[in-house]
Amino acid sequence: MAETHRPPEEFTLRMRRYDPESGEAPYWDEHTVELEPHRSVLEGILQAKAKFDGSIGIRCSCRAAICGSCGVRINGEPGLACHTHLDKARASSKDGVIEVEPMGNMPVIKDMIVDMDAVHWKKVQRVTPWLINEGPQPEREHIVPRESMVDVTQTMACIQCGACVSDCLAMEVDPGFIGPAALAKAYRFVGDPRDEEQRERLVDLSEDPQGIYDCTHCFKCVEACPKDVNPMGQIMRLRRIAGADQHINDQNNGHRHEETVVTLIKDYGLLHEAEMIPRSYGGNSWFGKFHPAAGKELLSSLPVAIRGVMKRKVSLKIAIFGHSIPKQDLKAVQKIYETVESRPERYELNLYVSGEDEEVEQTQVAVGAEEGSAQ
Amino acid sequence: MPSHDVLIIGAGLAGQRAALAAAQAGASVAIVSKVHPVRSHSVAAAGGINAAINVADDWKSHAYDTVKGSDFLGDQDAIEIMCSEAPKEVMHLEHMGVTFHRNDDGELDLRAFGGASMKRTAYVADITGQAILHVLYEQLMKHHEQIDRYEEWFVTSLLQDDSGCCRGVVARDVRSGRMEVLKAKNVILACGGAGQVYSPTTNALIVTGDGIAQAYRIGAPLMDMEMVQYHPTTLVENGLLITEGARGEGATLLNSEGERFMEKYAPNKMELASRDVVSRAEQTEILEGRGVGAHGEGIYLDITKVPRKRTLEALREIVNIGKDFAGVDITREPIMIRPGQHYIMGGVKTDVNGATSIEGLYAAGEVACVSVHGGNRLGANSLLDTLIFGRRAGEHAAARAASMGMPASDDTQLREDVATIDAIIARPRTGRRVSEIKQELGETMNQYVAVYRDQEGLDKAHEVVKRLKEESESAYIDDKGTVFNQDVLGAIELGYMLDCAESIVVAAIERTESRGAQFRTDFPERNDDEWLKHIDISLNGNGPQVSYSPVKITQWQPEERKY
């Protein structure tokens, strides 16, 4: 049953303030509020605003994690202020004081308000964010498979809050990266059987050096997303459809690199760094290193390799000969490959549909990539 | 000075739909919104959109259900337009890209909703409003050359020329604090309702009655303002909405005795009776001591009867709301809800093209009152209302613009608004805080102008509102800056809210009968002889003045309303 009312407690909020008109640097501002522990950090901030200082700047509207306005960082982690309980935020703080800051990767306008237009929305516009279906429309609805609409609902559920953008490590290094939110939006069209330019979209996003292959698999966006949109998962789905289904071999070598990683692990059980570049550029086999393109790439990446050895990130022996693991372990790894590769169709895990991890098996939805092209 | 054929205030469903329609008709269009368009409150509409698209359905059945739902106060000519145009509009949305969920044959799936005689609610899980809003915004991005966007601009006044025609707005760029006149041949208000007049409410913090008050202040009459909808299922914890879709999927309501009490109040439709009926039933159970929870203040909504997989797929948002805001897994245990303020049927009085009584000023969506909802709106008719009348207003305004010249420039109001804002910022800290007044207003309205009303309570509310209006004149704020000064906008919004509250209370006092959402315990019967008419509220000098307008009846005569 519903949790019984718990008495209000005191919570201290330490907010990052910045007044662009003052000419002064950002500073910390503390207020203590009194609320029930399961109330949200946003309610705490609103109480501080109402009682102590109305000039605290934060965008907010629905209070129910649906409008996407109140993206902030709480104790360093991105999320929605309305979607984070005060007691949990206090428990995850370093000193019992809840720290609230503006999101990262976007310029701060005032206090906790960031410029989403300059980063987030610009990137969304990059992916041609509308359905392309210019032909004559049917009199009624398009007939499409039931699963396809449930499937794209996961990305439709994105509320554009920017939490994933805030913590994207790839974007931190390469601000030009299209990024998790916009690429998840791209999947919303690629996965929509009514869209007429799926292949064009995939070619575009594969060939763009800051497109789908610029993601580094760090999972930060998956953790940050308050709506289980799983942006990285959507990027990986774009890659699978682009590479495995549409056979798009991009000039950035993203797809071949991915295939090489898969083959190397199958062959050696672990990544073999020295083989990686030759195979990615020269062809996905042991002979790859004799290909001229591989030689050129190898030469150009020598400085990186040397720096890696110098900094002891990798030993010279491993850099040249690779890792080796016991035979039975290698067999076990290869068994995984056999299991996955022997499936008649690819399982695309959709958390929106399956809801809870523990029940994945009963509700998995298999969605073939080309299934139900526009009808 | 920027100028446009059609200037739309508000970028929720009504506003964006109006913008697309006006642009399609060839007008130069701009859309102004105090928040980024996808933050608009339409995003919170969960359950779906009604349209008679099933081949076995008929728009007349939809229209009759709507008339009955309105307790015969809805204008039937407008309802006929809305319901007959609904199927085409839903198909148009589908073609634009809305990801409506499908049945096993790949056609649009339909779910059951309150007050409907058959399944006719198209949906996207329980994020229908969000899905439509985001798809419309996709279209705004696509048509960015025809539609200018003023995102995060706050409107402070509607402009009128000497002959009383609306000629644009004064607005403040929230980010820079710069004030500007935006000239226009036509202005369409599409900036939502006034839910923040109540506390608690399911409505977002931005829903502060801006458009209703702005129109009222320049002389446009408001209509049906006494009709305030309490949604039957809002979270006891904090007033958040649990979609009617839950009951549409089969969830039941239980009192403290474990009884499915709707049997007593609506034996045929049970939990899917119209919202006013279900909310009153719940309130009666609570008042008679059969509520649940520590203080008997709630009712159980039991969703466990819906298959778990179906709940996770089609009601995922409320699974999260239950988990995040009440600590309840709704797929395994009931959740505590109660009636909560949700929607305002009333608004700026318009005709079926969205035109108000002021030339050049249109209104569509919750800000407007056509009136298609009359005394009580059916679930999933609000999205439809916004889209149908948003489109019609956009088309009509574009056509009107084609035959007229751009109005002359005038800075008088701009200078006045700049001075008003400077004065608010300069107020000494001697009065009350804006936030305090807002809180008292919300609690007062929720206590006296709620599901059950009577003369004594309404009079009390009236006095409080009048006092708060005075206090608001000197209410102070903290933020003295220009960049993102949300504080000063809050003070302006408070003024809007107080105007809305006053007209709600005055209309509720005026209507001495019970109809739809207005239930007077001192006048418990519907009285068609005297009250089959709309109450109009206009500004006369400094205060509200009451007049009446007839209900338009086309084919459905009033009859006893039973579910």
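What counts and how
Along each chain, the written sequence defines residue order, and numbers are assigned to residues from 1. Here every chain gets a letter starting at A, and every ligand a number starting at 1, in the order they are written. Only residues with pLDDT of at least 70 get local features here, since the model is predicted, and only at 80 or more are side-chain atom pairs given and counted; chain-wide, interface and lining totals rely on the full set of residues. Each helix is a run of H or I in the DSSP string that is no shorter than four residues. Each strand is a run of E no shorter than two, and both are numbered from the N terminus. Based on C-alpha atoms, the radius of gyration is set beside the globule rule, defined as 2.2 Å times the residue count to the power 0.38. A residue is called partly exposed when the number of other C-beta atoms within 10 Å of its own lies between 12 and 20, exposed at 12 or fewer, and buried at 20 or more, with C-beta atoms placed from the backbone. Residues are scored as being in contact if the C-beta atoms we place from backbone atoms lie within 7 Å. All amino acids are sorted into three groups, where Ala, Val, Leu, Ile, Met, Phe, Trp, Tyr, Cys and Pro are nonpolar, Asp, Glu, Lys and Arg are charged, and the leftover types, Gly among them, are polar. To get an axis, a line is fitted to the C-alpha atoms, and for a helix only the part in contact is used. The angle between two axes follows their N-to-C directions and goes from 0 to 180 degrees. Geometric relationships in this document are graded by angle, where less than 35 degrees denotes roughly parallel, more than 145 denotes roughly antiparallel, 65 to 115 denotes roughly perpendicular, and other angles denote oblique. Handedness of a crossing follows from how the near helix is turned relative to the far one, being left-handed for an anticlockwise turn of less than a right angle and right-handed for a clockwise one. Multiplying one less than the number of residues by 1.5 Å gives the expected span of a helix. Confidence scores labelled pLDDT are given residue by residue by the predictor and lie between 0 and 100. For two strands to be treated as a pair, DSSP must find at least two bridges joining them. Note on handedness: a crossover is taken as right-handed if, strands pointing away from the viewer, the path from the first strand over the helix to the second is clockwise. By definition, a nonpolar core groups buried Ala, Val, Leu, Ile, Met, Phe, Trp, Tyr and Cys residues that connect through C-beta atoms lying within 7 Å of each other.

## A closer look at the overall build of chain A
Move 1: Counting its regular elements, chain A contains 17 helices and seven strands.
Move 2: Across its three principal axes, chain A shows a C-alpha extent of roughly 70 × 65 × 45 Å.

## Section: the overall build of chain B
Move 1: Across its full length, chain B carries 16 helices and 19 strands.
Move 2: Relative to its length of 563 residues, chain B is compact, with a C-alpha radius of gyration of 22 Å against a globular reference of 24 Å.
Move 3: In terms of overall dimensions, chain B has C-alpha extents of about 65 × 55 × 50 Å along its principal axes.
Move 4: Expressed as a percentage of its 563 residues, the buried residues of chain B come to 65%.
Move 5: A sequence separation of at least 24 residues applies to 74% of the contacts in chain B between residues at least 6 apart.

## A few points about helix α7 (residues 180-190) of chain A
All names here are of chain A.
Move 1: Of all 11 residues in α7, 11 are buried; the element is thus mostly enclosed.
Move 2: Along α7, the residues classified as buried are Pro180, Ala181, Ala182, Leu183, Ala184, Lys185, Ala186, Tyr187, Arg188, Phe189 and Val190.
Move 3: Looking at the buried residues of α7, the elements they touch are α3 (117-126), α4 (146-156), α5 (163-166), α8 (198-207), α9 (220-224) and α10 (231-245).

## A few points about the interface of chain A and chain B
Move 1: Facing the 52 residues of chain A at the interface are 58 residues of chain B.
Move 2: Elements represented by at least two residues in the side of chain A that touches chain B include exactly β6 (108-110), α4 and α16 (351-354) of chain A.
Move 3: It is α4 of chain A that provides the largest number of residues to the side of chain A that touches chain B, a total of six residues.
Move 4: Broken down by class, the residue content of the side of chain A that touches chain B amounts to 25 nonpolar, 17 polar and 10 charged.

## Quick look at the packing of helix α13 (residues 434-448) of chain B against helix α14 (residues 455-472) of chain B
Residues and elements named next belong to chain B.
Move 1: Axis separation between α13 and α14 bottoms out at 9 Å; the angle between their running directions is 170 degrees. It follows from the interaxial angle that α13 and α14 lie roughly antiparallel. Where α13 approaches α14, its residues Ile437, Glu440, Leu441, Thr444, Met445 and Tyr448 are matched on the opposing element by Gly457, Leu458, Lys460, Ala461, Val464, Val465, Leu468, Glu471 and Ser472.
Move 2: Counted by class, the contact of α13 with α14 contains nine nonpolar, three polar and three charged residues.

## Here's the deal with the packing of α13 of chain B against helix α15 (residues 486-510) of chain B
Residues and elements named next belong to chain B.
Move 1: For the pair α13 and α15, interaxial distance at closest approach is 10 Å and the crossing angle is 25 degrees. Relative to α15, the element α13 is oriented roughly parallel. Every pair of crossing elements has a handedness; the one defined by α13 and α15 is left-handed. For the pair formed by α13 and α15, the contact residues are Val434, Ile437, Lys438, Leu441 and Met445 on the first element and Gly490, Ala491, Leu494, Met497, Leu498 and Ala501 on the second.
Move 2: Of the residues contributing to the contact of α13 with α15, the split by class is nine nonpolar, one polar and one charged.

## Observations concerning helix α3 (residues 76-96) of chain B
Side chains that are three or four residues apart share a direction in an α-helix, a result of its 3.6 residues per turn.
Residue and element names in this part refer to chain B.
Move 1: For α3, built from 21 residues, the straight-helix expectation of 30 Å at 1.5 Å per residue is met to within 8% by its first-to-last C-alpha distance of 29 Å.
Move 2: Listed in full, the buried residues belonging to α3 are Gln76, Ala78, Ile79, Glu80, Met82, Cys83, Ala86, Val90, Met91, Leu93 and Glu94.
Move 3: On the buried face of α3, the contacting elements are β3 (49-50), α2 (59-69), β5 (121-122), α4 (128-142) and α11 (382-402).
Move 4: After α3 finishes, the residue glycine 97 shows a positive phi value of roughly 130 degrees.

## Notes on the confidence of the model for chain B
Move 1: Mean pLDDT over chain B works out to 96, with 100% of the residues at or above the 70 mark.
Move 2: Interface confidence for the predicted complex, expressed as ipTM, amounts to 0.95; the pTM equals 0.94.

## Observations regarding the pairing of strand β1 (residues 3-9) of chain B
All names here are of chain B.
Move 1: The buried fraction of β1 is high, at six of seven residues.
Move 2: Sheet topology note: the β1/strand β9 (residues 179-189) ladder contains six bridges and is parallel. Pairing of isoleucine 9 across the sheet is with leucine 189, part of β9.
Move 3: Note that β1 and strand β2 (residues 29-33) share four bridges and pair parallel. Its bridge partner lying in β2, leucine 7 is registered against alanine 30.
Move 4: Read from β1 through helix α1 (residues 13-24) to β2, the crossover connection turns out right-handed.

## Comments concerning the pairing of strand β14 (residues 335-344) of chain B
Residues and elements named next belong to chain B.
Move 1: In terms of burial, β14 is largely enclosed, as 10 of its 10 residues are buried.
Move 2: Pairing geometry for strand β11 (residues 228-235) and β14, over six bridges, is antiparallel. Paired with glutamine 229 across the strands is tyrosine 343, a residue of β14.
Move 3: Note that strand β13 (residues 299-302) and β14 share three bridges and pair antiparallel. From the neighbouring strand, leucine 301 faces β14, where its bridge partner is isoleucine 335.

## Some details on the confidence of the model for chain A
Move 1: Put simply, chain A has an average pLDDT of 89, and 91% of its residues get 70 or more.
Move 2: Here residues 354-375 of chain A scores under 50 on pLDDT; set against residues more than four positions off or in separate chains, the count is 44 contacts.

## Looking at the nonpolar core
Move 1: Ala81 of chain A together with Ile188 of chain B are the most contacted members of the largest nonpolar core, which totals 275 residues.
Move 2: The element that contributes the greatest number of residues to this core is α15 of chain B, accounting for 15 residues.

## Details of the sheet that holds β5 of chain B
Move 1: Read from one edge of the open sheet, three strands run β3-β5-β4 (chain B), paired in antiparallel fashion. Every other strand in the sheet has two partners, leaving β3 and β4 (110-111) of chain B as the edge strands with one partner each.

## Brief notes about the environment of proline 339 of chain B
All names here are of chain B.
Move 1: Looking at where proline 339 falls in the secondary structure, it is placed in strand β14.
Move 2: Overall, the presence of 23 C-beta atoms within 10 Å leaves proline 339 in the buried class.
Move 3: Apart from residues no more than four positions distant in its own chain, proline 339 is found in contact with Tyr230, His231, Pro232, Thr234, Ser279, Glu282, Gln283 and Val451.

## A look at the sheet that holds strand β12 (residues 252-254) of chain B
Residue and element names in this part refer to chain B.
Move 1: Taken in spatial order, the four strands line up as β11-β14-β13-β12 in an open sheet, and their pairing is antiparallel. Taken across any chain shown, the strands that pair with only one partner, and hence form the sheet edges, are β11 and β12. Across the sheet, the axes of successive neighbouring strands diverge by a mean angle of 45 degrees, strand direction being ignored.

## Details of unusual backbone geometry
All names here are of chain B.
Move 1: Omega for the peptide link from serine 199 to proline 200 comes to 0 degrees, which places this bond in the cis form.
Move 2: Here proline 200 lies in the loop between β9 and α5 (210-217).
Move 3: Cis geometry marks the peptide bond from valine 370 to serine 371; its omega dihedral reads 5 degrees.
Move 4: Locating serine 371 in the fold gives a position in the loop between β17 (368-369) and α11.
Move 5: One non-glycine residue, glutamate 152, adopts positive backbone phi at about 65 degrees.

## Here we look at the environment of histidine 272 of chain A
Move 1: In this structure, histidine 272 of chain A sits in the loop between α11 (254-268) and α12 (273-282).
Move 2: As for histidine 272 of chain A and histidine 85 of chain A, which are separated by 187 residues in sequence, their C-alpha atoms are 45 Å apart.

## Some details on the environment of serine 92 of chain A
Residues and elements named next belong to chain A.
Move 1: Looking at where serine 92 falls in the secondary structure, it is placed in the loop between α2 (86-91) and β5 (98-101).
Move 2: Here serine 92 falls in the partly exposed class, since 14 other C-beta atoms lie within 10 Å of it.
Move 3: Counting along the chain gives 15 residues from serine 92 to glutamate 77, while the straight-line C-alpha distance between them is 9.8 Å.

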